[in-house]
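Listed below, chain by chain, are the residues.
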Amino acid sequence: MAADDIDTTARRRVAAEERRIRSRPSLTLRGAFAEFLRHPSPWIMAGFLAIALTARVWLGDWGFADLLVPAVMVASFPLVEWLIHVFVLHWRPKRLGPVTIDPLVSRKHREHHQDPRDIPLIFIPWQVLAPIVVAAVGIGLLVFASPERGLTFMVVLAMIGLTYEWTHYLIHTDYRPRHRLYKSLWRNHRFHHYRNEHYWFTVTTAGTADRLLRTYPDPETVEKSPTAKDLHAMSRSAQ
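The name given to the protein in an unreviewed UniProt entry is Sterol desaturase family protein, and the organism recorded there is Gordonia jinghuaiqii.

Encoded structure:
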């Protein structure tokens, strides 16, 4: 299929999707949140947050580092998010002798691109999230100079994780954007899914790390990718 035909088809599909969204009853935040709570990853993160926050408050001994650690983590998260999206979620399976290296989170993300409206595929798999929580506890207790600062790290990490999970989930629901910031997040992530998977990698911020790393082009200058729903053309190569 010629590039012009692909682009025309893509525009028709996006327009059809937008018409379907407008024709469906508007989803309320309350309704979206009720569905959000039916999946395991928010509960895992919320439980981790509750335990870490309780322990942090109980230990006390607050200091300047309890302001510095959150500031550094929040400021660096757009770049971390970009790196994870590019190098982990969009990982291309690699052969190492008889073994194929293809992590579960990467496989699930390819499925997510195939069907962005499949709600369970939006969330971080619990099989991936549970080891991350264990690793976060190890980092918090072993890397930081004190348990207090380590717990601050864990509290902020859980809050960032919940923010990411909620934002990503909400973008893929029928909730209609009403505010300027959310509209920009919604638009950028849909460009990533429906126009070209090589751009617009940040989810929780609008064009921060993407601008820095030159993956935030004018959408009108970007051709529709034939592999936006088939990352690395894996389904074709399997045929």
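What follows picks up the thread again.
A. Broad picture of the overall build of the protein. The helix and strand tally for the protein stands at 10 helices and two strands. Each helix and strand of the protein, placed in order from N terminus to C terminus, yields the pattern α-α-α-α-β-β-α-α-α-α-α-α. Each of the 239 residues in the protein was classed as buried or not, and the buried ones make up 43%. For the protein, the proportion of contacts with a sequence separation of at least 24, taken over those separated by at least 6, is 67%. Counting only carbon and sulfur atoms, one obtains 66% of the accessible surface of the protein, whose full area is about 13700 Å².

B. The packing of aromatic side chains, seen in detail. Following the criterion strictly, the structure yields 13 aromatic pairs and no others. Ring geometry for Tyr199 against Trp200: centres 5.7 Å apart, planes inclined by 65°, an arrangement best described as edge-to-face. With a relative accessible area of 25%, Tyr199 lands in the partly exposed category. Arg56 extends its terminal NZ or CZ atom over the ring of Trp62, reaching a point 3.8 Å from the ring centre. If you follow Lys94 out to its NZ or CZ, it ends over the ring of Trp91, 4.1 Å from the centre.

C. Spotlight on the pattern of salt bridges. Tallying each qualifying case throughout the model produces seven salt bridges. Two residues, Lys108 and Glu111, come together in a salt bridge whose shortest N-O distance is 3.8 Å. Of the two residues, Lys108 and Glu111 are both situated in helix α5 (residues 104–114); the distance of three residues between them amounts to about one turn of the helix. You can call Lys108 partly exposed: its relative accessible area is 31%. A single network of salt bridges, built from pairs that share partners, joins Arg56, Asp61, Asp66 and Arg149.

D. Seen up close, the side chain of Thr205. Take Thr205: it is sitting in the loop between α8 (180–194) and α9 (208–212). For Thr205, the side chain forms a polar contact with the side chain of Thr208, separated by 2.5 Å. Those residues within four positions of Thr205 in sequence are excluded, and the remaining contacts are Pro78, Glu81 and Leu185.

E. Region of interest: the UniProt feature "transmembrane region" (unreviewed entry) in the protein. Under the UniProt annotation, "transmembrane region" (unreviewed entry) lies at residues 43–59, 71–91, 119–145 and 151–171. Strand forms 0% of residues 71–91 and helix 90%; the C-alpha atoms that close the span are 29 Å apart. Across residues 151–171, the secondary structure splits into 100% helix and 0% strand, with the terminal C-alpha atoms separated by 30 Å.

F. Structural context of the nonpolar core. Counting residues in hydrophobic clusters, the biggest one holds 31 residues, and the most contacted among them are Phe48, Met73, Phe153, Met154, Tyr169, Ile171 and Tyr182. Breaking this core down by element, the ones donating at least two residues are α2 (29–36), α3 (40–59), α4 (65–89), α6 (126–142), α7 (147–171) and α8. If you tally residues by element for this core, the top one is α7, at 12 residues. Ignoring any residue separated from it by four or fewer positions in sequence, one finds Phe153 in contact with Val69, Met73, Ala136, Ile139, Gly140 and Phe144.

Reading the values: rules and limits
- Residues numbered from 1 in each chain as written.
- Predicted model: local features only at pLDDT ≥ 70, side-chain atom pairs only at ≥ 80, totals over all residues.
- Heavy atoms only, no water.
- Helix = DSSP H or I, 4+ residues; strand = E, 2+ residues; numbered from the N terminus.
- Buried < 20%, exposed > 50% of the residue type's maximum accessible area, 1.4 Å probe, protein only.
- Contact = heavy atoms within 4.5 Å.
- Areas by Shrake-Rupley, 256 points an atom, 1.4 Å probe, with all protein chains shown as cover.
- Phe/Tyr/Trp six-rings, centres within 6.5 Å; stacked < 30°, edge-to-face > 60°.
- Lys NZ or Arg CZ within 6 Å of the ring centre and 35° of its normal.
- Salt bridge = Lys/Arg side-chain N within 4 Å of Asp/Glu carboxyl O.
- Polar contact = N/O pair within 3.5 Å; in protein donor to acceptor, adjacent residues only side chain to side chain.
- UniProt positions renumbered as here; feature names shortened; annotations may be inferred.
- Core = buried A, V, L, I, M, F, W, Y, C linked by side-chain atoms within 4.5 Å.

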